[in-house]
Amino acid sequence: MADNRSSEGFGRRLDEHAIDAGAAEPERPDGLVDSGVYVGGVRQASPVSLADTYRCLQQLDDAMAWIGLRRPGREQIASLAAEFQLPDLAVEDAINAHQRPKLERYGDTLFVVLRAARYLDERDAVEFAELHLFLGPGFVITVRHGGTPDLAGVRRRLEAEPEVLALGPEAVLYAVLDRVVDGYAPVVAGLENDIDEIETGVFGGDPNASRRIYELSREVIQFQRAARPLLKVVDALAHGFDRDGTDEELRRRLRDVADHLTQVVERVDGFRHLLQNILTVNATLVSQAQNEEMRSLTAASFEQNEEIKRVSAWAAILFAPTLIGTVYGMNFTHMPELDWRFGYLFAVALMLAVCGALYLLFKRRGWL
């Protein structure tokens, strides 16, 4: 192993510039967040550039470089691809992002895509971020396309357990997987709380319930797409660990991650079915409310029609005497009935007879 002093020219010494346990990862303009070179699980140097990392890695025997990037450019990815002989297809995926969780092997190089998630309380929404990992003999490269997860915490955790970090790139992959899966727990709790609020709103007659159910269903589906494919990734990784004879402690920890992930997937599947049921119930309640409104409108219309019938019937009854009186009230000279002794009585009797007949007719038809 080369003298540690030989690495000091390529970066900062860890004991001189230790990372604050509560600080976030500092991001540099070139997309490089942090770079560390480890021997036996102990950090030997913190290079400030990719070129320094390459040189430092060559100077130290049995060393492993852990390079953390966030939204790097094509130049940085091309440099890493040339140095570590990364597969072209995986490099394109890392640049373009928008991949589903997967694990692919290219000879000695492993390419893993993960989708992290976090719940935003201020917006009652779930935010997703993509994370790519390249693993090979003596190197781990993490490429983030979002603000989550905080890999600085993962790095600090592993640096506090040098015996685990000494197991190599697989230990880093396990720790990142564990961090991503642990990050799902607050999301599950947030979604569950949102569903409870929706249930209350549905039975409380909230007019915006349908829109909220739709939005939440989309988030649950996206969460499913992030978590469910990860089951195959963890399963494939576990088989690889068994085949390669990876340390038993690391395999045990990976099985624990798989158990937690299975619980998350089952909960999310339950959320999706529950939301479908809530949507059905909401549609039923909305339909019932519409039916009640239609019945109310129908009843009001019926009452209105009945009133119109009564008014029309009385109007017709009262119109008959008016018509008769109008006829006999005309000032024509030759009207035989005007000189008839019983003309007045005849006119009154005619009015009563017509009104009575109309009353009986409307009464029989139910208008009065």
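Remember, predicted model here, so these are calculated numbers, not experimental data.

1. Notes on the overall build of the protein chain
- When helices and strands are counted, the protein chain shows ten helices and eight strands.
- Taking the contacts inside the protein chain whose residues are at least 6 apart along the sequence as the reference set, 65% of them involve residues at least 24 apart.
- For the protein chain, the exposed surface amounts to about 20,200 Å²; the carbon and sulfur share of it is 54%.

2. With respect to the pattern of salt bridges
- One pass over the full model with this rule turns up 21 salt bridges.
- Two residues, E192 and R267, come together in a salt bridge whose shortest N-O distance is 2.8 Å. Of this pair, E192 sits in helix 7 (residues 169-203) while R267 sits in helix 9 (residues 248-328), placing them 75 residues apart in sequence.
- Relative accessible area serves as the criterion here: at 35%, E192 is assigned to the partly exposed category.

3. Some words on the confidence of the model for the protein chain
- Summary statistics for the protein chain give a mean pLDDT of 83 and a share of 89% for residues scoring 70 or more.
- Per-residue pLDDT stays below 50 along residues 1-25; that stretch engages in 40 contacts with residues further than four places along the chain or on separate chains.

4. Some details on the nonpolar core
- Ranked by size, the top nonpolar core spans 58 residues in total, and within it L114, V176, Y184, F223 and L230 carry the most contacts.
- At the level of secondary structure, the elements contributing two or more residues to this core comprise strand 4 (63-70), strand 6 (109-120), strand 7 (125-136), helix 5 (151-159), helix 6 (162-165), helix 7, helix 8 (209-244) and helix 9.
- Considering each element in turn, this core owes the most residues, 16 residues, to helix 7.
- Apart from residues no more than four positions distant in its own chain, F223 is found in contact with A117, F128, Y184, V187, V188, L191, V264 and V268.
- A45, L60, A65 and F134 belong to the second-largest nonpolar core, a separate cluster that totals 27 residues.

5. Considerations on the packing of aromatic side chains
- Applying the stated criterion across every chain, the model contains seven aromatic pairs.
- On the numbers, 4.9 Å between centres and 35 degrees between planes, the contact of F111 with F134 is tilted. Separated by 23 residues along the polypeptide, F111 in strand 6 and F134 in strand 7 bring together distant segments of the chain. Of the two residues, F111 and F134, neither departs from the other in class, the shared state being buried.
- Consider the rings of W314 and Y359, whose centres lie 6.0 Å apart with planes at 45 degrees: the pair is tilted. Residue W314 is located in helix 9, and its partner Y359 is located in helix 10 (residues 343-364); the two are separated by 45 residues in the primary sequence.
- A residue is classified by how much of its surface remains accessible, and Y359, at 32% relative accessible area, is partly exposed.
- Three or more aromatic residues joined by ring pairs make a cluster, and in this case those are Y54, F84 and F139.
- The ring of W66 has R155 lying over it, and the distance from NZ or CZ to the ring centre is 4.2 Å.

6. Concerning the packing of helix 3 (residues 74-84) against helix 4 (residues 88-96)
- One can describe the packing of helix 3 onto helix 4 by two numbers: an axis separation of 11 Å at closest approach and a directional angle of 155 degrees. Relative to helix 4, the element helix 3 lies roughly antiparallel. Between helix 3 and helix 4 the crossing geometry is right-handed. Here R74, I77 and A81 of helix 3 come into contact with helix 4, specifically with V91, E92, I95 and N96.

7. Here we look at helix 4
- Inspection of helix 4 places A90, V91, D93 and A94 among the buried residues, and these make up the whole buried set. One side of helix 4 carries all its buried residues, which in axial view fall inside an arc of 160 degrees. Exposed residues on helix 4 whose side chains face more than 90 degrees from its buried face are D88 and L89.
- Where the residues of helix 4 are buried, they touch helix 3, strand 5 (102-106), strand 6, strand 7 and strand 8 (139-144).
- A97 sits one or two residues past helix 4 and shows a positive phi near 60 degrees.

Parameters and conventions
Residues numbered from 1 in each chain as written. Predicted model: local features only at pLDDT ≥ 70, side-chain atom pairs only at ≥ 80, totals over all residues. Heavy atoms only, no water. Helix = DSSP H or I, 4+ residues; strand = E, 2+ residues; numbered from the N terminus. Contact = heavy atoms within 4.5 Å. Areas by Shrake-Rupley, 256 points an atom, 1.4 Å probe, with all protein chains shown as cover. Salt bridge = Lys/Arg side-chain N within 4 Å of Asp/Glu carboxyl O. Buried < 20%, exposed > 50% of the residue type's maximum accessible area, 1.4 Å probe, protein only. pLDDT = per-residue confidence, 0-100. Core = buried A, V, L, I, M, F, W, Y, C linked by side-chain atoms within 4.5 Å. Phe/Tyr/Trp six-rings, centres within 6.5 Å; stacked < 30°, edge-to-face > 60°. Lys NZ or Arg CZ within 6 Å of the ring centre and 35° of its normal. Axes fitted to C-alpha atoms, helices over the stretch in contact; angles between N-to-C directions. Parallel < 35°, antiparallel > 145°, perpendicular 65-115°, else oblique. Left-handed = near helix turned anticlockwise from the far one by under 90°. Arc of directions from axis to C-beta.

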